[in-house]
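Examination of the molecular architecture
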Amino acid sequence: MEKEQRTYDETIEQQNEDVQAEQKEDEQVHNEETQEEKDELALANEKIAQLEAKLAEAENRLLRLHADFDNYRRRVRLDMEAAEKYRAQSLVADLLPILDNFERALQVQVEDEKAKSLLQGMEMVYRALIEALKKEGVEAIESVGKPFDPHVHQAVMQVDDQNYEPNTVVEEFQKGYKLKDRVIRPAMVKVNQ
């Protein structure tokens, strides 16, 4: 009986050892599987982070392209508006010397009746030309008695005249003209010191 008891105890001990060994193997396999799963999860997280970074970069690029396109459209619209607003600029610039010649011709003093009627005809043509230019937005720059402004005046002489304030336009040699808000030709003036 003792022998049987020993054999029985040994068998139970052996079974316990086998069970413990199996448990250790299962634990090791489980640990290995868990480590593999952790490694796979880490790789997957790294891949997700890379893809999120690429997505964020693509979104930023898309936003920049969209902003660049909006800026381009705005610049084109502003250029078109400016081209429409100042469409007559080259024509006006070409007509200014003609206006100067008309003004010089109108200053001539005549005594003859034929010359007076010719002068009246020239005045009518001059006024019609001025009206047509006004309709396009052309206006003469007022100078005499005004403060000197380098944006609209070109000083060609300086004088010391007590009748005028310092830095005031005393005399205009050539009229200046603006098309809407753009100076086509600055007025040539004499300025008081």
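Right, let's walk through the structure included here. This is a predicted model, so every value here is computed, not measured. Position numbers for residues start from 1 in each chain and track the written sequence from start to end. Only residues with pLDDT of at least 70 are given local features in this predicted model, and only at 80 or more are side-chain atom pairs given and counted; all residues enter the totals for whole chains, interfaces and linings. Side-chain figures throughout are based on the complete set of non-hydrogen atoms in the structure, without hydrogens or water.

So, a nonpolar patch on the surface
Two distance rules govern patches: like charges are joined within 9 Å, and nonpolar side chains (Val, Leu, Ile, Met, Phe, Trp, Tyr) within 5 Å, applied only to residues with over 30% relative accessible area and no salt bridge. In these tables, accessible area is a Shrake-Rupley quantity obtained with a 1.4 Å probe, and a residue counts as shielded only by the protein chains included in the view. We define a salt bridge as a contact between a side-chain nitrogen of Lys or Arg and a carboxyl oxygen of Asp or Glu at a distance within 4 Å. On the surface, Phe69, Tyr72, Val76 and Met80 cluster together into a nonpolar patch covering about 410 Å² of accessible area. Each helix is a run of H or I in the DSSP string that is no shorter than four residues. Each strand is a run of E no shorter than two, and both are numbered from the N terminus. Looking at the element boundaries, Val76 is found in helix H1 (residues 2-85). Working definition: with a 1.4 Å probe on protein chains only, accessible area under 20% of the residue-type maximum means buried, over 50% means exposed, and in between means partly exposed. Judged by its relative accessible area of 31%, Val76 falls in the partly exposed class.

So, unusual backbone geometry
In this structure, Asn167 takes a positive phi of about 60° despite not being glycine. In this structure, Asn167 sits in the loop between strand S2 (153-159) and strand S3 (169-174).

Examining helix H3 (residues 113-135)
Expected span of a helix, by definition, is 1.5 Å for each gap between consecutive residues, and there is one gap fewer than residues. Helix length check: H3 (23 residues) gives 33 Å between terminal C-alpha atoms against 33 Å at 1.5 Å per residue, within 8%. Taken as a whole, H3 has its buried residues at Leu119, Tyr126, Leu129, Ile130 and Leu133. In this description, contact between two residues means that some pair of their heavy atoms is separated by no more than 4.5 Å. Residues of H3 that are buried sit in contact with helix H2 (89-106) and strand S1 (138-141). Polar contacts, as used here, are pairs of N or O atoms within 3.5 Å; protein pairs need one atom able to donate a hydrogen and one able to accept it. Residues neighboring in sequence count only if both atoms are side-chain atoms. Two or three places before Lys114, at the start of H3, stands the capping residue Asp112, its side-chain oxygen 2.8 Å from that residue's backbone nitrogen.

Regarding the pattern of salt bridges
Throughout the structure, instances matching the rule amount to 8 salt bridges. Among the salt bridges present, the one from Arg61 reaches Glu57, with a minimum N-O distance of 3.5 Å. Placement of the pair is Arg61 and Glu57 together in helix H1, with a separation of 4 residues, close to one helical turn. Note on Arg61: relative accessible area 44%, which makes it partly exposed. Among the residues examined, Glu57 registers a relative accessible area of 47% and is labelled partly exposed. One network of salt bridges, in which partners are shared, links Glu84, Arg87 and Glu136.

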